[in-house]
Amino acid sequence: MAGSDVYLVNINRLPPKHGSCDDSATSADVYAASLNTSYSKLSCLKSCYRLIAQRHCNCSMPIYYVEDRESVCDMADDEVDACTSSLHTTVPDEYDACDKSCPQPCSEVDYDMLVSAAAWPSENYKKYLEDKVSQSNYLLMGKDLEEEDFVKLYVYFKDLMYQKIDQQKAYESQNLISDIGGQLGLWLGLSAITIGELCGLLLSLFRSLTAVSPKDDNSSKTPVKPFSSPLEMDPGKGDVMMSDVKKGGFDV
């Protein structure tokens, strides 16, 4: 008996210039093109390795996808086996080129699996299982079945929750502005208010130095009349004269 628990992982990567993912390499993935599957780096690498074997060994390796009308490598042939097994050492540059031509996709859904196995069926359950199988299929009637003839496979989700991995920018523009302000405040004792006041002071000094003094224009001045003492005013207008003051017995 074998069990396989599946755990869904959703991965989102950043494109250039902050990341290296690319979704434009799907044409190099023969699995995605022929089997209508989603692009992945592993399937793209297998497609590229498959082409390397075709170029140097003139056949398609059975461990990779084989299209129609392609000759499959006869791994029982020593010459073919030696050719396919030594490709990593004979043409390492081509394998490095495959890694560069198959970037990670920007959005990917992956399934992590954990496989477990146990002996099945038990001795007490084996006889009952043999009878049930013999009754369901006449080809198995009268045959002595062994434990190796039975297999039970469980495939289930490990958890109904899933894991999501998102790549984010390590350093944003607002982080740069914040760090500059923090360094100015730490080393120079400056703040936003202080910088504003300093700019206002410099602007005031500039205006004072560049201000033009007004010209002396006599025509615009208002003439000032001489001041007359009340004691020297005209007596005809009812004002007291200096002589009248003396006549009254006052000595001024």
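Residues numbered from 1 in each chain as written. Predicted model: local features only at pLDDT ≥ 70, side-chain atom pairs only at ≥ 80, totals over all residues. Heavy atoms only, no water.

UniProt annotates the protein under Subcellular location (unreviewed entry) with the comment "Membrane". The UniProt entry for the protein carries the following comment under Sequence similarities (unreviewed entry): "Belongs to the amiloride-sensitive sodium channel (TC 1.A.6) family." (UniProt positions renumbered as here; feature names shortened; annotations may be inferred.)

Caption draft 1: Structural view of the state of the cysteines. Taken as a whole and judged by the stated rule, the model has five disulfides. Linked covalently through their sulfurs, Cys44 and Cys102 form a disulfide whose S-S length is 2.1 Å. Handedness of the Cys44-Cys102 disulfide follows from its S-S torsion of about -70°: it is left-handed. With Cys44 in helix 2 (residues 41-57) and Cys102 in the loop between helix 5 (92-101) and strand 2 (107-117), this pair connects stretches of sequence that are 58 residues apart. Across the pair, Cys102 and Cys44 agree in class, each one buried. In this model, Cys59 is linked to Cys73 through a disulfide, with the two sulfur atoms separated by 1.8 Å. One disulfide, between Cys59 and Cys73, carries an S-S torsion of 95° and so falls in the right-handed class. With a gap of 14 residues between them, Cys59 in the loop between helix 2 and helix 3 (78-85) and Cys73 in the loop between helix 2 and helix 3 connect regions that are remote in the sequence. For Cys59, a relative accessible area of 6% corresponds to the buried category. (Disulfide = S-S within 2.5 Å. Helix = DSSP H or I, 4+ residues; strand = E, 2+ residues; numbered from the N terminus. Buried < 20%, exposed > 50% of the residue type's maximum accessible area, 1.4 Å probe, protein only.)

Caption draft 2: Fine view of the packing of aromatic side chains. Taken as a whole and judged by the stated rule, the model has two aromatic pairs. For the pair Tyr31 and Tyr65, a centre-to-centre distance of 5.8 Å together with 55° between the ring planes defines the contact as tilted. Here Tyr65 lies in the loop between helix 2 and helix 3 and Tyr31 lies in helix 1 (residues 30-35), a separation of 34 residues in the sequence. In this structure Tyr31 comes out as buried when scored by relative accessible area, which is 15%. Considering the side-chain rings of Tyr49 and Tyr95, the 4.8 Å spacing of their centres and the 45° angle between planes classify their relative orientation as tilted. With a gap of 46 residues between them, Tyr49 in helix 2 and Tyr95 in helix 5 connect regions that are remote in the sequence. (Phe/Tyr/Trp six-rings, centres within 6.5 Å; stacked < 30°, edge-to-face > 60°.)

Caption draft 3: Highlighting the pattern of salt bridges. All told, the structure shown has five salt bridges when counted by the stated rule. We note a salt bridge from Glu70 to Arg50, for which the minimum N-O separation is 2.6 Å. Separated by 20 residues along the polypeptide, Glu70 in the loop between helix 2 and helix 3 and Arg50 in helix 2 bring together distant segments of the chain. Judged by its relative accessible area of 4%, Arg50 is buried. Ionic pairing is found between Glu94 and Arg55, a salt bridge with its closest N-O pair at 2.9 Å. Taken as a pair, Glu94 in helix 5 and Arg55 in helix 2 lie far apart in primary sequence, 39 residues in all. Connected through shared salt-bridge partners, Arg50, Glu67 and Glu70 make up one network. (Salt bridge = Lys/Arg side-chain N within 4 Å of Asp/Glu carboxyl O.)

Caption draft 4: The arrangement of the nonpolar core in detail. One finds Tyr49, Ile52, Leu87, Tyr95 and Cys98 to be the most contacted residues of the largest nonpolar core, which totals 20 residues. Among the elements of the structure, helix 1, helix 2 and helix 5 are those that each provide at least two residues to this core. At seven residues, helix 2 tops the list of elements feeding residues into this core. In this structure, Tyr95 is in contact with Tyr49, Ile52, Leu87 and His88, ignoring residues within four places of it in sequence. (Core = buried A, V, L, I, M, F, W, Y, C linked by side-chain atoms within 4.5 Å. Contact = heavy atoms within 4.5 Å.)

Caption draft 5: Focus on unusual backbone geometry. With omega at 15°, the peptide bond leading from Pro16 into Lys17 counts as cis. Its location among the elements puts Lys17 in the loop between strand 1 (2-12) and helix 1. Positive phi, normally seen in glycine, also occurs at Asn36, with a value near 60°. Taking the relative accessible area as the measure of exposure, Asn36 reaches 71% and is therefore exposed. Backbone geometry places Asn58, a non-glycine residue, at a positive phi of 60°. Relative to the elements of secondary structure, Asn58 occurs in the loop between helix 2 and helix 3. Given the relative accessible area of 61%, Asn58 is considered exposed.

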